[in-house]
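Results of the structural survey
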Amino acid sequence: MATTSASASLLQPRSFGVRSHNPPRPKSFTLPFPQRNRCHVSFRVSASVSVSNPDVRTGPDDLVASILSKVVQTDGGVSLKKEEHKEVAEVAQELQKYCVNEPVKCPLIFGEWDVVYCSQPTSPGGGYRSALGRLFFKTKQMIQVVEAPDIVRNKVSFSALGFLDGEVSLKGKLKALDSEWIQVVFEAPELKLGSWEVQYGGQSEVKLRITYVDDKIRLGLGSRGSLFVFKRI
């Protein structure tokens, strides 16, 4: 039980976004999601695109393939070097030029997503994703489920000390702040470690700007600038 207590103290998950007490937009409104399967796309990109990485191609399909090739199998970005993080940011910047208008209203945001990358790798999951936390916990999967009309569920599953399965989960309510920014207020997290379950801590709040979404990936920018890449499951 001492080991369980010590493990629990490291688990202070942040909610796949960045906390902020100052919303990026002063107004909010409920989500008027359309009941249709496609989003209206308006391309906001010029005919020529210049990036420092010559391997980056400019079509949306190529850009999606490029960013996924850079972030999968990197432990959410932990194993990437500084220059590799820069390359991911460059591709994301070009890809957001192909984003649909008013992405918060797009039905494509709903579904089950694998959190495959964060520019601040310790942000999703908090303490247990720190250098110390990773000595005790090996991340198996970080999942975010967005359910219509306004429910968000985050779950991080892991192996503790190499033999004990566990997970941390959060449930939150989503609200649109404008056509691109969303706010999610999460209930207190729940920790499962083997047969032991506990709810601890308090509410948390995140704000995220949706910069791109299609049937394969979703990109988000936290209110403090962290880049997230979500891959549809």
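Source: prediction; values computed, not measured. (Residues numbered from 1 in each chain as written. Predicted model: local features only at pLDDT ≥ 70, side-chain atom pairs only at ≥ 80, totals over all residues. Heavy atoms only, no water.)

Overview of the pattern of salt bridges
Applicable threshold: What makes a salt bridge here is a side-chain nitrogen of Lys or Arg within 4 Å of a carboxyl oxygen of Asp or Glu, nothing more. The buried label goes to any residue with under 20% of its type's maximum accessible area, the exposed label to any with over 50%, and the partly exposed label to all in between, with areas taken from a 1.4 Å probe on protein chains only.
Enumeration according to the criterion identifies eight salt bridges in this entry. Residue Glu94 is joined to Lys97 by a salt bridge in which the shortest nitrogen-to-oxygen separation is 3.2 Å. On the accessibility criterion, Glu94 (7% relative accessible area) is buried.

As for the nonpolar core
Note the cut-off: Put simply, a nonpolar core is a bunch of buried Ala, Val, Leu, Ile, Met, Phe, Trp, Tyr and Cys residues held in one set by side-chain atoms that sit within 4.5 Å of each other. Contacts between residues were defined by any pair of non-hydrogen atoms, one from each residue, lying within 4.5 Å.
One finds Ile67, Tyr117, Tyr212, Ile217 and Leu219 to be the most contacted residues of the largest nonpolar core, which totals 44 residues. If sequence neighbours within four positions are ignored, Tyr212 has contacts with Pro60, Val64, Leu95, Gln96, Tyr98, Cys99, Ile217, Arg218 and Leu219. Counting residues in each nonpolar core, the second largest holds seven residues, with Phe137, Phe158, Val168 and Leu191 among its members.

Topic: helix H2 (residues 60–71)
Inclusion rule: The helix count covers DSSP runs of H or I at least four residues long, the strand count covers runs of E at least two residues long, and both are numbered beginning at the N terminus. Here a helix's expected span is defined as the number of its residues, less one, multiplied by 1.5 Å.
Between its first and last C-alpha, H2 extends 17 Å over 12 residues, near the 16 Å set by a 1.5 Å rise per residue. Among the residues of H2, Leu63, Val64, Ser66, Ile67, Leu68, Lys70 and Val71 are the ones counted as buried. Tucked inside the fold, the buried residues of H2 contact helix H3 (82–95), strand S1 (111–118), strand S8 (204–213), strand S9 (217–222) and strand S10 (227–232). At the C-terminal side of H2, Gln73 shows a positive phi close to 60°.

Digging into the side chain of Lys207
Worth spelling out the cut-off: Pairs of N or O atoms are called polar contacts if they sit within 3.5 Å, as long as, within protein, a hydrogen donor faces a hydrogen acceptor (for residues adjacent in sequence, only side-chain-to-side-chain pairs).
By the secondary structure assignment, Lys207 is in strand S8. In terms of polar contacts, Lys207 uses its side chain to reach the side chain of Glu205, at 2.2 Å.

Details of the pairing of strand S3 (residues 151–160)
The criterion, for reference: When DSSP locates at least two bridges between a pair of strands, those strands are taken to pair.
With eight of 10 residues buried, S3 lies mostly within the body of the structure. Bridge count between strand S2 (residues 137–147) and S3: 10 bridges; the pairing is antiparallel. Residue pairing for S3: Val146 is matched across the bridge by Val152. The antiparallel pairing of S2 with S3 creates a hairpin that spans three residues between the two strands. Sheet analysis places S3 next to strand S4 (residues 164–176), joined by 10 bridges and oriented antiparallel.

Describing the environment of Ala188
When you line up the elements, Ala188 lands in the loop between strand S5 (181–186) and strand S6 (190–193). Overall, the relative accessible area of 17% leaves Ala188 in the buried class. In this view, Ala188 contacts Gln199, Tyr200, Gly201 and Gly202; residues no more than four positions away in its chain are not counted.

Regarding the environment of Thr74
Mapping Thr74 onto the fold places it in the loop between H2 and H3. If we ignore the near neighbours within four places in the chain, the residues touching Thr74 are Ser79, Leu80 and Val116.

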